Amino acid sequence: MVEIENRKLPFGGQSDLQFKMAAIGGLRRLCGISLNAVCRNKGLKASRLCQYRAFRINGVVRQQPFDSPTEKPQFPGASADFVDHLEFIQPNVISGIPVYRVMDRQGQIINPSEDPQIPKEEVRNFYQKMTLLNTMDRILYESQRQGRISFYMTNYGEEGTHIGSAAALDSNDLVFGQYREAGVLMYRGFPLDLFMAQCYANMDDLGKGRQMPVHYGSKDLNFVTISSPLATQIPQAAGAAYAMKRENTNRAVICYFGEGAASEGDAHAGFNFAATLECPIIFFCRNNGYAISTPTNEQYRGDGIAARGPGYGMMSIRVDGNDVFAVYNATKEARRRAIAENQPFLIEAMTYRIGHHSTSDDSSAYRSVDEVNYWDKQDHPISRLRHYMTARGWWGEDEERAWRKQSRKLVMEAFEKAERRLKPRPELLFTDVYQEVTPILEKQKESLWRHLQQYKEHYPLDVYDK
Amino acid sequence: MAAAARFLLRTAGSSKASITNVNSGLHSKFGATLLRASPSCHPLAKTQKRHAAHFTFQPEPVQTKYGPTQKMNLFQSVTSALDNTLASDPTAVIFGEDVAFGGVFRCTVGLRDKYGKDRVFNTPLCEQGIVGFGIGVAVAGATAIAEIQFADYIYPAFDQIVNEAAKYRYRSGNLFDCGNLTIRAPWGCVGHGSLYHSQSPEAFFAHCPGIKVVVPRGPVQAKGLLLSCIADQNPCIFFEPKILYRAAVDQVPVESYQIPLSEAEVLQEGSDVTLVAWGTQVHVIKEVAAMAQEKLGVSCEIIDLQTILPWDSETVCKSVVKTGRLLVSHEAPVTGGFAAEVSSTVQEECFLNLEAPIARVSDDQLLKCRITWSSEAQCRH
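The name given to chain B in an unreviewed UniProt entry is 3-methyl-2-oxobutanoate dehydrogenase (2-methylpropanoyl-transferring), with the source organism recorded as Synaphobranchus kaupii. You can read under Cofactor (unreviewed entry) in the UniProt record for chain B the words "thiamine diphosphate". In its Catalytic activity (unreviewed entry) section, the UniProt record describing chain B reads: "N(6)-[(R)-lipoyl]-L-lysyl-[protein] + 3-methyl-2-oxobutanoate + H(+) = N(6)-[(R)-S(8)-2-methylpropanoyldihydrolipoyl]-L-lysyl-[protein] + CO2".

In the annotation of an unreviewed UniProt entry, chain A is listed under the name 2-oxoisovalerate dehydrogenase subunit alpha and assigned to Synaphobranchus kaupii. The UniProt entry for chain A carries the following text under Cofactor (unreviewed entry): "thiamine diphosphate".

## Details of the packing of aromatic side chains
All names here are of chain B. Tallied over the entire structure, the rule returns 33 aromatic pairs over all chains. Measuring from ring centre to ring centre gives 4.6 Å for Y66 and Y257, while their planes differ by 20°; the resulting arrangement is stacked. Placement of Y66 in the loop between helix 3 (45-51) and strand 1 (69-73) and of Y257 in the loop between strand 8 (249-253) and strand 9 (265-268) is noted, with a sequence separation of 191 residues between them. The class for Y66 is partly exposed, based on a relative accessible area of 28%. For Y257, a relative accessible area of 3% gives the class buried. Seen in terms of ring centroids, F150 and Y153 are 5.8 Å apart; in terms of plane orientation they differ by 80°. Their pairing is edge-to-face. A relative accessible area of 27% places Y153 in the partly exposed class.

## Examining the interface of chain B and chain A
Taken together, the contacts link 47 residues of chain B with 42 residues of chain A. Here chain B and chain A share 3 salt bridges between them. Put simply, chain B and chain A have 22 residue pairs in polar contact (both at pLDDT 80 or more) between them. Contributions of two or more residues to the side of chain B that touches chain A are made by strand 3 (120-122), helix 6 (127-139), helix 7 (158-164) and helix 8 (168-171) of chain B. When the residues that make up the side of chain B that touches chain A are grouped by side-chain class, the tally is 23 nonpolar, 15 polar and 9 charged.

## Some points on the environment of P426 of chain A
Mapped onto the secondary structure, P426 of chain A falls in the loop between helix 13 (397-420) and helix 14 (439-454). Separated by 38 residues in the primary sequence, P426 of chain A and Y464 of chain A have C-alpha atoms spaced 7.1 Å apart.

## Describing the pattern of salt bridges
All names here are of chain A. In the structure shown here, the tally under the stated rule is 43 salt bridges over all chains. E341 is the salt-bridge partner of R337, the closest N and O atoms lying 2.9 Å from each other. Of the two residues, R337 and E341 are both situated in helix 10 (residues 324-341); the distance of 4 residues between them amounts to about one turn of the helix. A salt bridge links E397 to R386; its shortest N-O distance comes to 3.0 Å. Of this pair, E397 sits in helix 13 while R386 sits in helix 12 (residues 381-391), placing them 11 residues apart in sequence. A cluster of three or more residues bridged by salt bridges with shared partners is formed by R105, D320, D379 and R384.

## Observations regarding the sheet that holds strand 2 (residues 223-224) of chain A
All names here are of chain A. Pairing is parallel in the open sheet, where 6 strands are placed in the order 2-1-3-4-8-7. Of all the strands in the sheet, the pair left with one neighbour each is strand 2 and strand 7 (315-320). Bridge count between strand 7 and strand 8 (residues 345-350): 6 bridges; the pairing is parallel. Looking at the pairing, D320 lines up with M350 of strand 8.

## Describing the side chain of R119 of chain B
Residues and elements named next belong to chain B. Looking at the element boundaries, R119 is found in the loop between helix 5 (111-115) and strand 3. The buried charged residue R119 lacks any salt bridge partner; its closest oppositely charged side chain belongs to D89, at an N-O distance of 5.6 Å. Here L86 takes part through its backbone oxygen, which lies 3.1 Å from a polar atom of the side chain of R119.

The rules behind the values
- Residues numbered from 1 in each chain as written.
- Chains lettered and ligands numbered in written order.
- Predicted model: local features only at pLDDT ≥ 70, side-chain atom pairs only at ≥ 80, totals over all residues.
- Heavy atoms only, no water.
- UniProt positions renumbered as here; feature names shortened; annotations may be inferred.
- Phe/Tyr/Trp six-rings, centres within 6.5 Å; stacked < 30°, edge-to-face > 60°.
- Helix = DSSP H or I, 4+ residues; strand = E, 2+ residues; numbered from the N terminus.
- Buried < 20%, exposed > 50% of the residue type's maximum accessible area, 1.4 Å probe, protein only.
- Contact = heavy atoms within 4.5 Å.
- Salt bridge = Lys/Arg side-chain N within 4 Å of Asp/Glu carboxyl O.
- Polar contact = N/O pair within 3.5 Å; in protein donor to acceptor, adjacent residues only side chain to side chain.
- Nonpolar A, V, L, I, M, F, W, Y, C, P; charged D, E, K, R; others polar.
- Pairing = 2+ DSSP bridges.
- Lys, Arg positive; Asp, Glu negative; His and termini not counted.

Okay, structure coming up:
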């Protein structure tokens, strides 16, 4: 029996972690990044940009001091040299940002110094949370297909990004999710009963049945309730991080979003505010290839989302989202530095949305079965972790069989229980609009009540809590 | 004002001839108003012209129930409220475009130096970011006071206000809320504001349960209502009539005090007609009421709504039951303006008490330009 509880990792950080944050100052170190255009252009010399970074971290006044005698540009907006030949900066100055990984597709550690050395029990916990999420997805997806719930969104293929990042955080860190981050909440210990209660909008739903399925939230687990509008959480997360910085309690904020949401104006706002106001925050982009049906090549022209970090003066990295250890390492280091240095970090986790966008979507209309099969069969975060565990003798066929049976049982029990529960009290329609129930809401409530008394035979009142 | 006068005439059953008389009386009064220097105007004639308004601000009677008072104009009373808040609430932060040096309307002057640059700071120029950031600060439990530089520029933040701030508490089942957020924005017409520095967008937000929308009529109300908005556990939008920033001067209590939200104030009791307005327009209808009394012998009851959402329908309806007539006037366009909501509610609640159709007084599209032209044109003559 696996306890779904909030767990802290029983081990410390990695001393030998050679972390490759693609910050502006660190661009040179990264293989595969074309720096030719940068190097040719004296005005963008990396050394100068390094100075800029140093300024930023120290939180000193960043505008360059006015110094008229020197033969340098005095424009307040940039610190740079003059050049005497016309040259545009190539858009591919930052291109081919490498994908950081720890394991190869067969689950073998590539560079032992990057192995996070996570103990067996915790790795098993990773695996069990990833597979439990998978099982829950399957059952809730089917229950939508059977008309039992109205809507669902699966997390297939993105389990590694959820568990790897969640495990690297402190449980006090505040999470702002988009909507496909159920694994983060599951890792933190959100019980299956409450996942189900939300999807069924029953009387146990913490959100009081007011939102569509998958809009989870938990005050106790520091997971801000999901809202449907995309990217709105990004500037909010920056604000929350600013408030936490002022509290000085060593807390950080993590903000999840997709590569599609990163096109919203709010994403720009959030990045720019976090950078200029020096907020301890991790922007975690799940680049899963599709925004509903729109592929990434119709979403942006640059090198993904990580390439935008330097433009905001923000530390950035691209990781293999299907490698739970890579996600873990990147998030852990980003968190440590975000708090220590009061600055935002951008992690672009490359992954693939194996499921449809939601139950309202049929992805066969815009992508091939072969493509989906590749990710499902050959590059899946769960199978990669399983390879890793199998190689160490940490997980065998018998355990797999037993766990599959047990996890399915856990999910089915929660599912059946949720289905039997009553719906929330109708009065809850009127609470929480404001902190207080205003006179007009009171009036509407009484009006509804009178209506229900008069025409009760037309309403299924017996399915609602009294 | 002419429209208001027409309504009053119709109410009083006067002839067309008297309309002309009233109108001419109105114009002479209007001119006289403009010739008077507003209280805080610079003595130079040129400055007087720029600050000349379409109304005369009458200071509030001095009240001592909140302790010692000081002469303050509206922007100083806002600063005073912010000062009180920063002093009493260590989590409070104030931010927006150009607020660090004191703000383009001088509402945050001296606060950064007094409380530190981490508490009073500039943000990048991005309204959706300012409001989104403010929501996040509030969700984390701190007090967020966001400034949008002009109400005309609040629209990029519309999604954050309507979909996020207003629904935070409801959608989370009260797990999370951003009740500590207050958004301040200069609002309404001003002599030279023209098309994009004069808008009164309160009606857009009045359609959005979950937020509170407040407009003060002068310095005393600005401080008391702003402090109520900051203390209120719901996100509030506080629109500051920018024409009053310097023109309106009251004796304002120095210490913190609150004026309750969602309570309209009856400024003058009357028996024949109820006049409802908020913000700057309160001063206009006060003059109209005096004119109606003088020229027509019509007794007007004047109500300052103060809070647009959730609004105090009880006070307005009680008044209309007594007077049998209602006129609502605002600066914003009449179609879909908040007067329509007031009118509709009063019609539902007071149908049998009404003795005349309810009148809404505003222009439909042109008010901003007209105010600009008329006040400046009058100045030139």
